Structure formats: C-alpha cells, structure tokens
Amino acid sequence: MRNLAEKWPAAPDFARATLNKHGVTLRTVGGLNQLLVSGHLGAWSKASRLAGEGVGAGAVASGDTYMVRIARDRLLAVGEQPFPIAAGWHTDGFAVTVMDAGLHVFEIEGPELDRLIARGTALDPGAASRSASILFAGVGVLFYRFGNPERARLHVDRGLAPYLWEWLEQAQVL
C-alpha cells in the first residue's frame, strides 16, 4: 500500500520551533488555559468574576487573564492559571468547554506584523473589530494583539497548526 504520509512535511516540534525572518518572529505559546464560554455572558462574568466583553480582532489584550470575543454570545477566556469555574452547563445560562488541547496558540511579533496580517487576511491591520474570529491564510482563527501593537496571537484548531506554520514559513514577509 502506498504511504500517503510521505507527501506531507513533518510537523515541527512546536515546543522549540521558532521562525525569525524580515523583522517578524513566530513561536508557539504553550501552557495557556483556554475556556470556550457560550450563552449568557453576563452570568459568566458574575460567576467567574471576570469583567469585560473580550477583545476583538486588532484590539490589544494584556495581563495574565483576559477574554477574546468570538460572537455576541461566545468568548474564549485565556489565562496562565486554571480558572476557578467548572466545565459544563451552568444553570445561570452559560456553558463552559475546556479548549486547552483543542486550540494551538501562535505568537507573532515584530515591526513587520501589519504586513503579515495584510498578507494573510482582508482585515485592515490598523482597524479593530468586535469579534476576534477571522479567516487567516484560508483557515478560521482568533486574532488579537497581545501586550503591544507589534505582537499578536492566533488561536487555531490544533489539527490546522502544521498547515498554518507552513503557510507562515512560506509567507513573503517572514
């Protein structure tokens, strides 16, 4: 039988792999706790004691714990420490799903970040939107800036991380 795995490049060792080209650095951010929250976000905010609506595409998130807005009734809570709220359905009207193993997080940093964003999406790199959910390099990601305007994070389905890495490797600005 033909070995179809030979036609695909090997996935990088994301724990160690770094790309650094033309003023942009790409690396994986590991160890983040990620919770997908769906439903009544006001009730989530009260139960979790995390205020705010979450950042959208192009907006700057910061801190050890923050929220990324996906839709009117959905967000991703991201933190360096575990969240003190259980996964599952909550009678206050929201559900919590652990996404730690489901979403891979890339961090991209450098003065040419806006050129890379313009290459990967139709989103205006200088504009912010309410939702962080965008199409980047042909796949759905959550995109926002982190800490400063020259650093961004992309959350992508873990199965698509090797594809996105390869796309970023071959991008003209990297």
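Details of the structure are given in the entry above.
Quick caveat: nothing in here was measured; it's all calculated off a predicted structure.

Participant: Where do I start with helix 2 (residues 113-120) in this structure?
Facilitator: What sets the pattern is the α-helix's 3.6 residues per turn: residues three or four places apart point alike. Among all positions in helix 2, only Leu113, Leu116, Ile117 and Gly120 are buried. What you see down the axis of helix 2 is that its buried residues fit within an arc of 100 degrees, all on one side. Looking at the buried residues of helix 2, the elements they touch are strand 2 (24-28), strand 9 (103-109), strand 10 (133-136), strand 11 (139-146), strand 12 (151-157) and helix 3 (161-170).

Participant: Help me understand the nonpolar core in this model?
Facilitator: It is characteristic of soluble globular proteins that their nonpolar side chains tend to be buried jointly. Core analysis: the largest hydrophobic core is formed by 26 residues, its most contacted members being Phe106, Phe136, Val141, Phe143 and Leu164. Breaking this core down by element, the ones donating at least two residues are strand 2, strand 9, helix 2, strand 10, strand 11, strand 12 and helix 3. For this core, the element with the highest residue contribution is helix 3, accounting for 4 residues. Ignoring any residue separated from it by four or fewer positions in sequence, one finds Leu164 in contact with Phe106, Phe136, Ala137, Val139, Val141, Leu154 and Val156.

Participant: I keep staring at the pattern of salt bridges and nothing clicks. Help me out?
Facilitator: A side chain of one charge can pair with a side chain of the opposite charge if their charged atoms are brought near each other. Summed over the entire model, instances satisfying the criterion amount to 8 salt bridges. Here Arg115 and Glu112 are joined by a salt bridge, their closest N and O atoms 3.2 Å apart. We classify Arg115 as partly exposed; its relative accessible area is 49%. Assessed through its relative accessible area of 24%, Glu112 is described here as partly exposed. We note a salt bridge from Asp114 to Arg145, for which the minimum N-O separation is 2.7 Å. One end of the pair, Asp114, is in helix 2; the other, Arg145, is in strand 11, with 31 residues separating them in the sequence. Of the residues examined, Asp114 reaches a relative accessible area of 36% and is grouped as partly exposed. Because the salt bridges share partners, they merge into one network encompassing Arg27, Glu107 and Arg153.

Participant: Can you help me understand empty space enclosed by the protein in this one?
Facilitator: Leftover empty space is mapped by rolling, across the atoms, a probe with the size of a water molecule. Scanning the entire structure with this criterion turns up 1 cavity of 30 Å³ or more. Contributing to the lining of the largest cavity are Ile108, Leu113, Leu116, Ile117, Phe136, Phe143, Ala152 and Leu154. Looking at the lining of the largest cavity, the elements with two or more residues in it are helix 2 and strand 12. Here the lining of the largest cavity gets 3 residues from one element, more than from any other, and that element is helix 2.

So, how was this worked out
Residues numbered from 1 in each chain as written. Predicted model: local features only at pLDDT ≥ 70, side-chain atom pairs only at ≥ 80, totals over all residues. Heavy atoms only, no water. Buried < 20%, exposed > 50% of the residue type's maximum accessible area, 1.4 Å probe, protein only. Helix = DSSP H or I, 4+ residues; strand = E, 2+ residues; numbered from the N terminus. Arc of directions from axis to C-beta. Contact = heavy atoms within 4.5 Å. Core = buried A, V, L, I, M, F, W, Y, C linked by side-chain atoms within 4.5 Å. Salt bridge = Lys/Arg side-chain N within 4 Å of Asp/Glu carboxyl O. 1 Å grid on protein atoms, 1.4 Å probe; cavity = no way out; pocket = protein on both sides within 12 Å on 5 of 7 lines; lining within 4 Å. Points joined across faces, edges and corners; volume = space filled by probe spheres on them.

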